[in-house]
Amino acid sequence: MLDGRAGDGAAARIHHLAAGNPLLARALAEDCLTTGDIGAVPAAGGAFTRALASYLDRWDLPLTEVAGVLAVHGGRVPAPLLAALVGIEPGVAGAALDALTRSGLLADGRFRHAAVESAVLAGLPPEARTAAQLRSAEAKFRQSAPPREVAAHLVAAGSAPAHWTVPVLRAAAGQAVADNDPDFAVRCLELALTAADTTAGKRLVLAELAHHTWRMAPSASRRYLQALRRLPADDSTPPTRTEAAATARQALWEGDEPGWRASRRTLAAMAPDSRTGTGLHLAHTWWFGPREDGSPTQAETAAPSGPDAPAEPPADDPWRLAATALSGMWARPGDPASTDAAERLLPSCRLADDTLEALMTAVLALVHAGRTRDAETWWRSLKAEADRRGAVTWQAVLTGMWSSAVLRSGDVSYAADLARHALSLLPAEDWGRRSAIRSARCCSRGRRPRSTSEPPTC
């Protein structure tokens, strides 16, 4: 078949993949000659896909349906479950498994090669593939499979018709974020949004979408928050912590201090821990600036009062002390207290949406203390973490921050390169409004803007 026109060993690999079946071997050879060679585990070519569909259809047994479910479900499927998924008798399912094994397509209940599995999937009509995905999702849900495994079938089907799918998709999104797969998390939540049939359910999903998308595209987070605000008012479903945090983050990014203040008060009513309060305090100071003496502004410290208000952390709380010490850096650059606080915070605080500004403040505290090499080591570590987790917004903000630190050292050319790179990471619509940029510039000079009309200066 090949007549020496393919790479070395191609004939042996084709014979192995086709399990000696002449129909499949001929199709693989045709694909091989079309592409020029065949790898150890090739993708299914057109000739092989058509030949496999023809081979499966020749049997009296429902091999096409059984193979399709095996390809969709993944892994080994017992005959009783396979029968339920295909809609046939268990005895027929067992006979089909035996036939596929004898033909060399299956080994130990699994497809012997990825090429066979991908060819089976390619040969399924779209409606059959969708139905198989949904049946597999429900079967795995009833078997208490991990949410992400169930959600993979729902996302592949592009449908979530049952009431149980929304919590599964939300849980899978949380797992995906923890696994640094934000794209899959968003796909899960987008699908959950179409399946949510109550205002409370839509509110939860939109808040999570806004929270998870900010680190990739702040403009997308803004759109989800706008959609959340358009939902009918429902006093029985007050804002969740996720919703309040996402709203506060977007308000900081866009320079909306009144909006940030309202979200801050909502979060304060939920009694956040002292670490969260530290992050909020330093984030506000980063974007809106401290007072001339470096202390937090009245807007930043505003919190609910009254008998039901959450208790303030004690004066000797370590996170509260760290926030106070770091804030002093703006008024007293190089202050030993802020340097010490930075050295304690950086190794003990993980990069996250609510710690981003705290960590950047700590890095700048080292810069102002003349510890540039240490600061650069920490900056590179934080940047690598942002890169690893696919958080483009974090990458852009961290790069912009380090640009200002480099400019302070006098390397104007490198600082400009960093600034240009930071701007290239996000499109224009993903950067905050001009008021936020102006406040950040003034914050970097250690003072608040005199008014909203004050022009930015370099």
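The structure under discussion appears in the preceding block.
The shown structure was predicted, so the numbers you read here are calculated from the model rather than taken from an experiment.

Draft legend 1. Examining the overall build of the protein more closely. Helix and strand counts for the protein stand at 24 helices and two strands. Intrachain contacts of the protein at a sequence separation of at least 6 include 63% that bridge at least 24 residues. In the form shown here, the protein has an accessible surface area of approximately 21500 Å², with 54% of it arising from carbon and sulfur atoms.

Draft legend 2. Expanded view of the side chain of Thr339. Among the structural elements, Thr339 can be located in helix H19 (residues 336-348). In this structure Thr339 touches Gly334, Ala365, Leu366, Ala369 and Arg371, once residues within four positions along its chain are discounted.

Draft legend 3. Focus on the environment of Leu23. With respect to the helices and strands, Leu23 occurs in helix H2 (residues 22-35). A C-alpha to C-alpha distance of 9.0 Å links Leu23 and Phe48, two positions 25 residues apart in sequence.

Draft legend 4. Representation of the nonpolar core. Core analysis: the biggest nonpolar cluster contains 51 residues, and Leu398, Met401 and Trp402 have the highest contact counts within it. When residues of this core are assigned to their parent elements, the largest contribution, ten residues, is made by helix H20 (residues 356-368). Excluding residues within four positions of it along the chain, Met401 makes contact with Trp286, Met360, Val363, Leu364 and Trp379. Ala25, Phe48, Tyr55 and Leu100 belong to the second-largest nonpolar core, a separate cluster that totals 41 residues.

Draft legend 5. Fine view of empty space enclosed by the protein. Evaluation of the coordinates by the stated rule reveals two cavities of 30 Å³ or more. A volume near 70 Å³ is recorded for the largest cavity. For the lining of the largest cavity, the per-class residue count stands at three nonpolar, two polar and three charged. Within this model, the second largest cavity holds a volume of roughly 30 Å³. For the second largest cavity, the full set of lining residues is Arg275, Thr278, Gly279, Trp319, Leu345, Cys349, Asp354, Thr355 and Ala358. Per-element accounting of the lining of the second largest cavity gives the leading share, three residues, to helix H16 (residues 274-288). When the residues that make up the lining of the second largest cavity are grouped by side-chain class, the tally is four nonpolar, three polar and two charged.

Draft legend 6. The packing of helix H9 (residues 147-157) against helix H11 (residues 182-195), seen in detail. The contact between H9 and H11 brings their axes to 10 Å, and the two run at 65°. It follows that H9 is roughly perpendicular to H11 by the angle criterion. Crossing of H9 against H11: the hand is left-handed. From H9, Arg148, Ala151, Ala152, Leu154 and Val155 reach across to H11, where they touch Phe184, Arg187, Cys188 and Leu191. By residue class, the composition of the contact of H9 with H11 is seven nonpolar, no polar and two charged.

Draft legend 7. The packing of helix H18 (residues 318-331) against H19, seen in detail. Relative to each other, H18 and H19 sit at 125°, their axes nearing to 8 Å. The orientation of H18 relative to H19 falls into the category oblique. Like other packed secondary-structure pairs, H18 and H19 cross with a definite hand, here left-handed. Within the contact between the two elements, H18 uses Trp319, Ala322, Ala325, Leu326 and Met329 and H19 uses Ala337, Ser338, Ala341, Ala342, Leu345 and Ser348. Residue composition of the contact of H18 with H19, grouped by class: nine nonpolar, two polar and no charged.

Draft legend 8. Molecular detail of helix H23 (residues 412-425). With 14 residues, H23 should cover 20 Å at 1.5 Å per step; its first-to-last C-alpha distance of 20 Å lies within 8% of that length. Among the residues of H23, Ala415, Leu418 and Ala422 are the ones counted as buried. Down the axis of H23, the smallest arc covering the buried residues is 60°, so these residues share one side. Pointing more than 90 degrees away from the buried face of H23 are the exposed residues Val412, Ser413, Arg420, Leu423 and Ser424. On its buried side, H23 packs onto helix H21 (372-388) and helix H22 (392-409).

Draft legend 9. Spatial organisation of the pattern of salt bridges. For the coordinates displayed, the defined rule picks out 18 salt bridges. Notably, a salt bridge pairs Asp353 with Arg215, separated by 3.4 Å at the nearest N-O pair. Separated by 138 residues along the polypeptide, Asp353 in the loop between H19 and H20 and Arg215 in the loop between helix H12 (199-213) and helix H13 (218-229) bring together distant segments of the chain. A relative accessible area of 8% means that Asp353 is categorised as buried. One salt-bridge network, held together by shared partners, links Arg350, Glu385, Arg388 and Arg389.

Draft legend 10. Main features of helix H10 (residues 165-178). An ideal rise of 1.5 Å per residue puts 20 Å on 14 residues; H10 measures up with 20 Å between its terminal C-alpha atoms. Among the residues of H10, Thr165, Val166, Val168, Leu169, Ala172, Ala173, Ala176 and Val177 are the ones counted as buried. On its buried face, H10 is in contact with helix H8 (126-142), H9, H11 and H12. Phi turns positive one or two residues past the end of H10, at Asn180, with a value near 60°.

Reading the values: rules and limits
- Residues numbered from 1 in each chain as written.
- Predicted model: local features only at pLDDT ≥ 70, side-chain atom pairs only at ≥ 80, totals over all residues.
- Heavy atoms only, no water.
- Helix = DSSP H or I, 4+ residues; strand = E, 2+ residues; numbered from the N terminus.
- Contact = heavy atoms within 4.5 Å.
- Areas by Shrake-Rupley, 256 points an atom, 1.4 Å probe, with all protein chains shown as cover.
- Core = buried A, V, L, I, M, F, W, Y, C linked by side-chain atoms within 4.5 Å.
- Buried < 20%, exposed > 50% of the residue type's maximum accessible area, 1.4 Å probe, protein only.
- 1 Å grid on protein atoms, 1.4 Å probe; cavity = no way out; pocket = protein on both sides within 12 Å on 5 of 7 lines; lining within 4 Å.
- Points joined across faces, edges and corners; volume = space filled by probe spheres on them.
- Nonpolar A, V, L, I, M, F, W, Y, C, P; charged D, E, K, R; others polar.
- Axes fitted to C-alpha atoms, helices over the stretch in contact; angles between N-to-C directions.
- Parallel < 35°, antiparallel > 145°, perpendicular 65-115°, else oblique.
- Left-handed = near helix turned anticlockwise from the far one by under 90°.
- Expected span 1.5 Å × (residues − 1).
- Arc of directions from axis to C-beta.
- Salt bridge = Lys/Arg side-chain N within 4 Å of Asp/Glu carboxyl O.

Geometric descriptors of this kind do not, in isolation, establish any biological role.
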